[in-house]
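# Examining the three-dimensional arrangement
What follows is each chain in one-letter form.
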Amino acid sequence: MHTHLPTPEAIQQRRAVRRFSSQKVRDQLVYELLELSNRAPSGFNIQPWHFVLVRDQEIRGLIHHVALGQKQIIEAPITVVFAANQRAWKEEFPRIIKSSLTEGLMSKEYARYSAANVRAQFRTGPFGFYGFAKRITHPLRRLSKPLADPFYTADEVRSYSRAQTMIAASTFMIAASGAGLATSPIEGFDERRLKKLLAIPSHFSVPVIVSLGYPLETEESLDSYRIPLLDKLSVDVFPNKLSRLKAQNESKNEPDKQLP
Ligand SMILES: Cc1cc2nc3c(=O)[nH]c(=O)nc-3n(C[C@H](O)[C@H](O)[C@H](O)COP(=O)(O)O)c2cc1C
């Protein structure tokens, strides 16, 4: 692996780069980054992502058009389309369980437990019937003990698969940054047109596409603003005790900020 940067620097130095040089990225390196992305965690290890690796210049030109003319897609030699499979729990999960068992990566008890849970959690059809039944039974079942919220509609499963796929996309961007490459996450595109263009099946959605390449050297990469951590952090419970703690911290003016 060609990771040059330790993780904190890879995270710190990542920017949404919008100008790319035409320098190619070696296939081997792209595959290594995708392998790392594929190591992302996901609920029940369902791994609902699918990567469409687009190198073809003509296809990138067409994506550029459905992505509102964002020119990173043309400039960067690679675009990765992160597709989310909302049927992964059904189509992929059985083989995930099977392989985990044969490779000795999961106990039989856990396999049984997760198979039963995944089905109960994700199943909504036919015709939304199961989801409807859960709406009635779930509030009753949870009276006696805490229960995780199941999915009631196909739309909820879709959102979930998108959220999990974003973890793979984040992993990809950090891995790329660590390898000295630049990425540009893009959500500004016409998803229907993009899916049609790339022949992505209807049970997949596309939460994000990411352009990948080497940054244009001449372009100055500006830092990007972040709301200070202490405005974003609550400790133990949500209500913001932090304004008080922040005031304390500022008055101490210590370079080495300690968490309260
Ligand atoms: C999911 C997602 C979608 C984004 N979509 C776009 C986009 O369509 N076009 C764009 O120019 N930047 C896009 N961005 C980049 C953000 O504007 C950028 O990440 C943010 O301003 C913070 O800057 P930084 O990433 O350089 O730290 C997107 C970022 C994320 C995470």
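See the structure above.
Residues numbered from 1 in each chain as written. Predicted model: local features only at pLDDT ≥ 70, side-chain atom pairs only at ≥ 80, totals over all residues. Heavy atoms only, no water.

Across the sheet, 4 strands lie side by side as E1-E2-E4-E3; this open sheet has antiparallel pairing. Unpaired on one side and paired on the other, strand E1 (49–54) and strand E3 (182–186) mark the two borders of the sheet. For this sheet the average axis-to-axis angle between neighbouring strands, irrespective of direction, equals 25 degrees. Both E1 and strand E2 (residues 78–85) contribute to a ladder of 6 bridges, which runs antiparallel. (Pairing = 2+ DSSP bridges. Helix = DSSP H or I, 4+ residues; strand = E, 2+ residues; numbered from the N terminus. Axes fitted to C-alpha atoms, helices over the stretch in contact; angles between N-to-C directions.)

Once that is clear, we can look at helix H2 (residues 27–37). All of the buried residues along H2 are Leu29, Val30, Glu32, Leu33, Leu34 and Ser37. If you follow the buried residues of H2, they end up packed against E1, E2, helix H9 (154–178) and strand E4 (204–213). (Buried < 20%, exposed > 50% of the residue type's maximum accessible area, 1.4 Å probe, protein only. Contact = heavy atoms within 4.5 Å.)

As a further point, take the pattern of salt bridges. As a working rule, side chains carrying opposite charge can pair if their charged atoms are close by. Using the criterion set out here, one finds 9 salt bridges in the structure. Across the pair Arg95 and Glu92 runs a salt bridge whose closest N-O atoms are separated by 2.9 Å. What makes Arg95 exposed here is its relative accessible area of 55%. Taking the shortest distance from any N to any O, the salt bridge between Asp149 and Arg142 comes out at 2.9 Å. Using a relative accessible area of 35% as the deciding quantity, one classes Arg142 as partly exposed. One network of salt bridges, in which partners are shared, links Arg158, Arg162 and Glu191. (Salt bridge = Lys/Arg side-chain N within 4 Å of Asp/Glu carboxyl O.)

With that settled, consider the packing of helix H6 (residues 93–102) against helix H7 (residues 108–122). Here H6 crosses H7 at 175 degrees, and the two axes come no closer than 10 Å. Considering their axes alone, H6 and H7 lie roughly antiparallel with respect to each other. Taking contact as the criterion, the partners of Phe93, Ile97 and Leu101 in H6 are, on H7, Lys108, Ala111, Ser114, Ala115 and Val118. Looking at side-chain class alone, the contact of H6 with H7 contains 6 nonpolar, 1 polar and 1 charged residues. (Parallel < 35°, antiparallel > 145°, perpendicular 65-115°, else oblique. Nonpolar A, V, L, I, M, F, W, Y, C, P; charged D, E, K, R; others polar.)

To continue, consider the site of the ligand. Taken together, 13 residues lie near the ligand, and Ala16, Arg18, Gln70, Ser224 and Arg226 sit nearest. The backbone of Ala16 places a nitrogen or oxygen atom 2.8 Å from an oxygen atom of the ligand. For the ligand, an oxygen atom lies 3.0 Å from a polar atom in the backbone of Gly188. Coverage of the ligand by the protein chains reaches 68% of its 620 Å² of free accessible surface. A per-class count over the shell around the ligand returns 4 nonpolar, 4 polar and 5 charged. (Near = heavy atom within 4 Å. Polar contact = N/O pair within 3.5 Å; in protein donor to acceptor, adjacent residues only side chain to side chain. Areas by Shrake-Rupley, 256 points an atom, 1.4 Å probe, with all protein chains shown as cover.)

Val25, Leu29, Leu33, Phe82, Phe172, Leu181 and Leu212 are the most contacted members of the largest nonpolar core, which has 19 residues in total. Mapped by element, the contributors of at least two residues to this core are H2, E2, H9 and E4. Top contributing element to this core by residue count: H9, with 5 residues. Leu181 has contacts with Val25, Leu29, Leu33, Ala176, Leu212, Gly213 and Tyr214, leaving out every residue within four places of it along the chain. Within the second largest apolar cluster, 15 residues are counted, among which are Leu194, Leu198, Phe204 and Ile209. (Core = buried A, V, L, I, M, F, W, Y, C linked by side-chain atoms within 4.5 Å.)

This part covers unusual backbone geometry. Gly125 connects to Pro126 through a cis peptide bond whose omega is 0 degrees. Tracing the chain through its elements places Pro126 in the loop between H7 and helix H8 (129–141). Positive phi values are uncommon outside glycine, yet Gln47 reaches one of about 50 degrees. By the secondary structure assignment, Gln47 is in the loop between H2 and E1.

Our next topic: the pairing of E3. In terms of residue burial, E3 counts as a mostly covered element, since 4 of its 5 residues are buried. Of the pairings in the sheet, the one linking E3 to E4 comprises 5 bridges and is antiparallel in character. Across the sheet, residue Ala182 finds its bridge partner in E4, namely Gly213.

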